[in-house]
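Here is how the chains run, residue by residue.
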Amino acid sequence: MSGSLHVYYGPEILLYDFGPGHPFNQRRVKLSVELMDACELFQANGNTLRPIQQGTRADALLFHEPGYLDFLADASITGEGVLDHGDTPAFPGCLDAALWGVGASLGALDAVMTGEGHAFSPGGGWHHGYRDHASGFCILNDGAIALAAARQRYGIQRALYLDIDVHHGDGVFYGYYGDGWLLDIDFHQDGRTLFPGKGFAEEVGTGEATGTKLNIPLLPGAGDDAALLAWREVAVPAIRAFRPELIVMQCGADAHAGDPLAMLEWSLGAYTEIIASVHALAHEVADGRLLLLGGGGYNPANVCLIWPAIAHAVGDVSLPDRVPDHWRKSFEDAYGRRAPERFSEPPTSATRPLQAAARCVDDLRRLSPLIGQG
Ligand SMILES: [Zn+2]
Ligand SMILES: [Zn+2]
């Protein structure tokens with residue numbers, strides 16, 4: 001297959017808007033894509049920026065329950081109330097807006113599955129959405145829908161869902177908890193200290209799926225060293241042993257130091273090492289079938305460094321050292337705060353979280369036959 005990267009983004013992504021003051025805001029997606037463009041991602045390697053199509057009710061039904069979609073259709077008309085227990089307000093057209101994100105991710109899936117290249121849907125990655133309810137700013141779950149579509153429409157027999165968002169990807173994880181065709185590897189801040197309060201190492205799947213669900217909860221303060229230890233010791237051997245035919249990766253940017261909603265301390269270096277490894281593994285085991293999704297990230301300066309860094313790594317275009325000045329002005333106009341200046345940061349480390357990550361690796365070696373005994 002082609003090694004190009006196709007980014008699926010259109011202005012319709014901005015319709016997903018919980019209003020001023022809500023922490024989840026899709027302007028960071030627009031600015032990230034503009035920075036990819038400013039850094040010439042789409043001028044080499046056959047990489048493209050593509051418009052999106054809206055998903056349909058039939059698409060959403062691949063994962064969600066009909067009664068829940070009826071509830072959303074009603075909430076979409078009134079635009080009033082909340083869709084979950086409080087974090088996810090309804091707004092007029094909320095179902096339509098969510099379906100645009102679903103359509104973006106399904107368009108990206110089609111590009112991957114038809115061999116056009118790798119693909120990135122930065123407006124999606126709504127990993128908290130459950131089959132029958134909203135949660136954590138996620139109305140629908142585009143990642144879970146894309147996995148179902150890969151299986152039902154393209155006959156995929158084994159897939160990997162990899163989630164590096166700081167919050168546990170509970171909608172996908174528990175949505176497929178008994179499904180042995182899905183290897184789910186989820187890095188997140190320990191659920192005892194962060195929403196949604198789930199995702200512990202001993203939860204490894206049930207029945208035929210036992211050993212295919214791998215949680216890596218990291219203690220607050222965990223730096224690059226803890227993340228990369230678990231990456232090398234758990235994720236890499238599990239992916240090689242499972243040999244997925246498709247990799248779907250949720251690239252939430254909120255594990256970075258300085259996120260206002262969470263307490264991990266990753267630098268850009270953790271992201272670039274993980275994405276380089278995922279990209280190589282996608283070519284090694286999955287014929288290059290790599291679908292990237294966005295996700296959380298509540299410090300827009302961090303998001304706007306991480307997503308271009310990921311896109312340029314997979315699209316095989318090197319980034320400049322300095323962030324272009326004309327893009328920095330757009331960022332500062334949009335957010336009224338200083339834009340990032342460079343695509344490089346010093347690595348981070350923290351001893352106690354590193355020791356805890358090593359214990360987690362030992363636990364998972366005991367609990368999942370996919371991971372070698374080291
Ligand atoms: Zn490639
Ligand atoms: Zn998150």
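Residues numbered from 1 in each chain as written. Chains lettered and ligands numbered in written order. Predicted model: local features only at pLDDT ≥ 70, side-chain atom pairs only at ≥ 80, totals over all residues. Heavy atoms only, no water.

Strand order in this open sheet of 8 strands is β2-β1-β3-β8-β7-β4-β5-β6, and the pairing throughout is parallel. Each having just a single partner strand, β2 (48–50) and β6 (213–218) make up the two edges of the open sheet. Averaged over all pairs of adjacent strands, the angle between strand axes in this sheet comes to 15°, irrespective of strand direction. Where strand β1 (residues 5–8) meets β2, 3 bridges bridge the pair, whose relative direction is parallel. By the bridge assignment for β2, histidine 6 is matched with threonine 48. Docked against the sheet, helix α5 (residues 142–154) engages β4 (159–163), β5 (182–189), β7 (246–250) and β8 (290–293), running at close to 160° with respect to β8. (Pairing = 2+ DSSP bridges. Helix = DSSP H or I, 4+ residues; strand = E, 2+ residues; numbered from the N terminus. Axes fitted to C-alpha atoms, helices over the stretch in contact; angles between N-to-C directions. Contact = heavy atoms within 4.5 Å.)

Six octahedral donors around a metal ideally sit at 90 or 180 degrees from one another, while four tetrahedral donors ideally sit at 109.5 degrees. The zinc ion (ligand 2) binds to the protein through Asp165 (OD), His167 (ND1) and Asp254 (OD); the donor distances cover 1.9 to 2.1 Å. Within one chain, the residues serving as donors to the zinc ion (ligand 2) are arranged as D-x1-H-x86-D. Of this pair, aspartate 165 sits in the loop between β4 and α6 (170–175) while aspartate 254 sits in the loop between β7 and α8 (268–285); the two residues are 89 residues apart in sequence, bridging distant segments of the chain. Accessibility expressed as a relative area gives 1% for aspartate 254, which makes it buried. (Donors = N, O, S within 2.8 Å, 3.2 Å for Na, K, Ca; no water. Buried < 20%, exposed > 50% of the residue type's maximum accessible area, 1.4 Å probe, protein only.)

As a further point, take the pattern of salt bridges. If you walk through the whole model with that rule in mind, you get 17 salt bridges. One salt bridge in this structure joins arginine 240 and glutamate 284, with 2.6 Å as the shortest N-O distance. A residue pair is termed long-range when its members are at least 10 positions apart, and arginine 240 in helix α7 (residues 224–242) and glutamate 284 in helix α8 qualify at 44 residues. Looking at arginine 240, the relative accessible area reads 41%, which means it is partly exposed. A salt bridge links arginine 289 to aspartate 287; the shortest N-O distance between them is 3.7 Å. Judged by relative accessible area, which is 46%, aspartate 287 ranks as partly exposed. (Salt bridge = Lys/Arg side-chain N within 4 Å of Asp/Glu carboxyl O.)

Moving on, we get to the coordination of the zinc ion (ligand 1). His118 (NE2), His279 (NE2) and His283 (NE2) make up the full set of protein donors to the zinc ion (ligand 1), lying at 2.0 to 2.2 Å. Along the chain, the residues donating to the zinc ion (ligand 1) fall in the pattern H-x160-H-x3-H. Linking histidine 118 in strand β3 (residues 118–121) with histidine 283 in helix α8, this pair joins segments that are 165 residues apart in sequence. Here histidine 283 falls in the partly exposed class, since its relative accessible area comes to 40%.

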